[in-house]
Amino acid sequence: MSVKIIVFDLGNVIFKYDLGKFIDAYSKKTPDGKKESIGNIILEYSDLAFAYEKGGISTQDFYKALARETHYTGTYDEFCLIWNDIFQPPDTEITEILNSLSGKYKLGMLSNTNEQHIGYLKSKYPDIFALFGKEHLSHEMHMRKPDDEIYREVIKYYGLKPNEIFFTDDVQQNVAAAQRNGIAARLFVSAQDLRLGLKEAGVEI
């Protein structure tokens, strides 16, 4: 079965990011400066982080709850600035792959994200997002990877057989869930490996 849709994860595939950079900057405006407690909320996928990624709360609500719990003294605007300042420019090799594929295949994006990050990235890198026909975003879909329901929604959207969709993600758990739902998924480890995986799936690149 030939691949008809190629779906990419966003973070650490197209855009590298470092949440540690946020924690470092954020902790400087908390009374005890404890990075571990902040990390437990952001990095360990607390109920608050889950709700934010699923669109259950706004960025304002997320900021207020996080600030209240950590006694953060910065303003909302300061929070947004450091919250967005975790991303690096798009990976050059991945950009080359995207540009090569965009003229031959439909491209999709499947990401656990939030309204603040996606708004920032789309405004700063519109040329990247213009390559994608559809963005499947957790905060808009009110579901997140690796839950089976989000993959089923993606399959339903395209109206294809699952193995006609190629998906790459840097998290093994997300790849395994996609494969469990019949999608031709490959763990992202490097642009070079992705090229190999696409070729093995019969994708012209």
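Scroll up to find the structure.
None of these values were measured; they are calculated from a predicted model.

**What about the overall build of the chain?**
Secondary structure assignment for the chain yields 12 helices and 5 strands. The C-alpha atoms of the chain give a radius of gyration of 18 Å, which matches the 17 Å a tight globule of 205 residues would have. By principal-axis analysis of the C-alpha atoms, the chain measures approximately 55 × 30 × 25 Å. Across the 205 residues of the chain, 50% fall into the buried class. Partitioning the intrachain contacts of the chain with sequence separation of at least 6 by distance along the chain shows that 68% fall at a separation of at least 24. In the form shown here, the chain has an accessible surface area of approximately 10,000 Å², with 48% of it arising from carbon and sulfur atoms. Charged side chains in the chain number 24 positive and 30 negative. The centres of these two groups are separated by 3 Å.

**A short note on the side chain of histidine 117**
Mapped onto the secondary structure, histidine 117 falls in helix α7 (residues 115–124). When its relative accessible area of 7% is taken as the criterion, histidine 117 is described as buried. Every residue in contact with histidine 117, bar those within four places of it in the chain, is listed here: Trp83, Asn84, Ile86 and Phe87.

**Some details on unusual backbone geometry**
Working note: non-glycine residues mostly have negative phi, and peptide bonds are mostly trans. In this model, lysine 145 is joined to proline 146 through a cis peptide bond whose omega is 5°. Relative to the helices and strands, proline 146 resides in the loop between α9 (138–141) and α10 (148–158). A positive phi angle is found at asparagine 12, which is not glycine, with a value near 65°. The topology assignment puts asparagine 12 in the loop between β1 (5–8) and α1 (19–27). Backbone geometry at histidine 142 places phi at a positive 60°, although glycine is not the residue there.

**Comments concerning the sheet that holds strand β2 (residues 106–111)**
As summarised here, the arrangement of the 5 strands in space is β3-β2-β1-β4-β5, forming an open sheet in which the pairing is parallel. Looking at which strands have only one partner, the edges of the open sheet turn out to be β3 (134–137) and β5 (184–187). Each neighbouring strand pair of the sheet contributes to a mean axis angle of 20°, computed without reference to strand direction. Alignment of β2 against β3, held across 4 bridges, turns out to be parallel. Bridge assignment links glycine 108 to a residue of β3, and that residue is lysine 134. Along the sheet face, helix α6 (residues 92–102) touches β1 and β2 and points at about 155° away from the line of β1.

**Some words on the packing of aromatic side chains**
Aromatic ring pairs are reported here in terms of the distance separating the ring centres and the angle at which the planes meet. Scanning the entire structure with this criterion turns up 19 aromatic pairs. Residues tyrosine 17 and phenylalanine 87 carry aromatic rings whose centres are separated by 6.1 Å and whose planes lie at 55° to one another, so their mutual orientation is tilted. Linking tyrosine 17 in the loop between β1 and α1 with phenylalanine 87 in the loop between α5 (76–84) and α6, this pair joins segments that are 70 residues apart in sequence. A relative accessible area of 14% places phenylalanine 87 in the buried class. For the ring pair tyrosine 63 and tyrosine 76, a centre distance of 5.4 Å and an interplane angle of 70° mean the geometry is edge-to-face. Linking tyrosine 63 in helix α4 (residues 59–70) with tyrosine 76 in helix α5, this pair joins segments that are 13 residues apart in sequence. An aromatic cluster is built from Phe22, Tyr26, Tyr52, Phe62, Tyr63, Tyr72, Tyr76, Phe79 and Trp83, whose rings are joined through pairwise contacts. Over the aromatic face of phenylalanine 50 sits the side chain of arginine 144, whose NZ or CZ is 4.4 Å from the ring centroid.

**Quick look at the nonpolar core**
Grouped together as the largest cluster of nonpolar side chains are 47 residues, with contacts concentrated most on Ile6, Phe8, Ile14 and Phe79. Element by element, the count of residues in this core is highest for α4, at 5 residues. Core analysis: the second largest hydrophobic core is formed by 18 residues, Ile155, Leu160, Ile183 and Ala185 among them.

**Re the packing of α6 against helix α12 (residues 191–200)**
At a closest axis distance of 9 Å, the pairing of α6 and α12 adopts a crossing angle of 25°. For the element pair α6 / α12, the angle class is roughly parallel. In this structure, α6 meets α12 at a crossing whose hand is right-handed. In this structure, α6 uses Glu93, Ile94, Glu96, Ile97 and Leu101 to contact α12, whose residues at the interface are Ala191, Leu194, Arg195 and Leu198. Its residues assigned to classes, the contact of α6 with α12 shows 6 nonpolar, no polar and 3 charged.

Conventions and cut-offs
Residues numbered from 1 in each chain as written. Predicted model: local features only at pLDDT ≥ 70, side-chain atom pairs only at ≥ 80, totals over all residues. Heavy atoms only, no water. Helix = DSSP H or I, 4+ residues; strand = E, 2+ residues; numbered from the N terminus. Rg over C-alpha atoms; globule rule 2.2 N^0.38 Å. Buried < 20%, exposed > 50% of the residue type's maximum accessible area, 1.4 Å probe, protein only. Contact = heavy atoms within 4.5 Å. Areas by Shrake-Rupley, 256 points an atom, 1.4 Å probe, with all protein chains shown as cover. Lys, Arg positive; Asp, Glu negative; His and termini not counted. Charge placed at Lys NZ, Arg CZ, Asp CG, Glu CD. Pairing = 2+ DSSP bridges. Axes fitted to C-alpha atoms, helices over the stretch in contact; angles between N-to-C directions. Phe/Tyr/Trp six-rings, centres within 6.5 Å; stacked < 30°, edge-to-face > 60°. Lys NZ or Arg CZ within 6 Å of the ring centre and 35° of its normal. Core = buried A, V, L, I, M, F, W, Y, C linked by side-chain atoms within 4.5 Å. Parallel < 35°, antiparallel > 145°, perpendicular 65-115°, else oblique. Left-handed = near helix turned anticlockwise from the far one by under 90°. Nonpolar A, V, L, I, M, F, W, Y, C, P; charged D, E, K, R; others polar.

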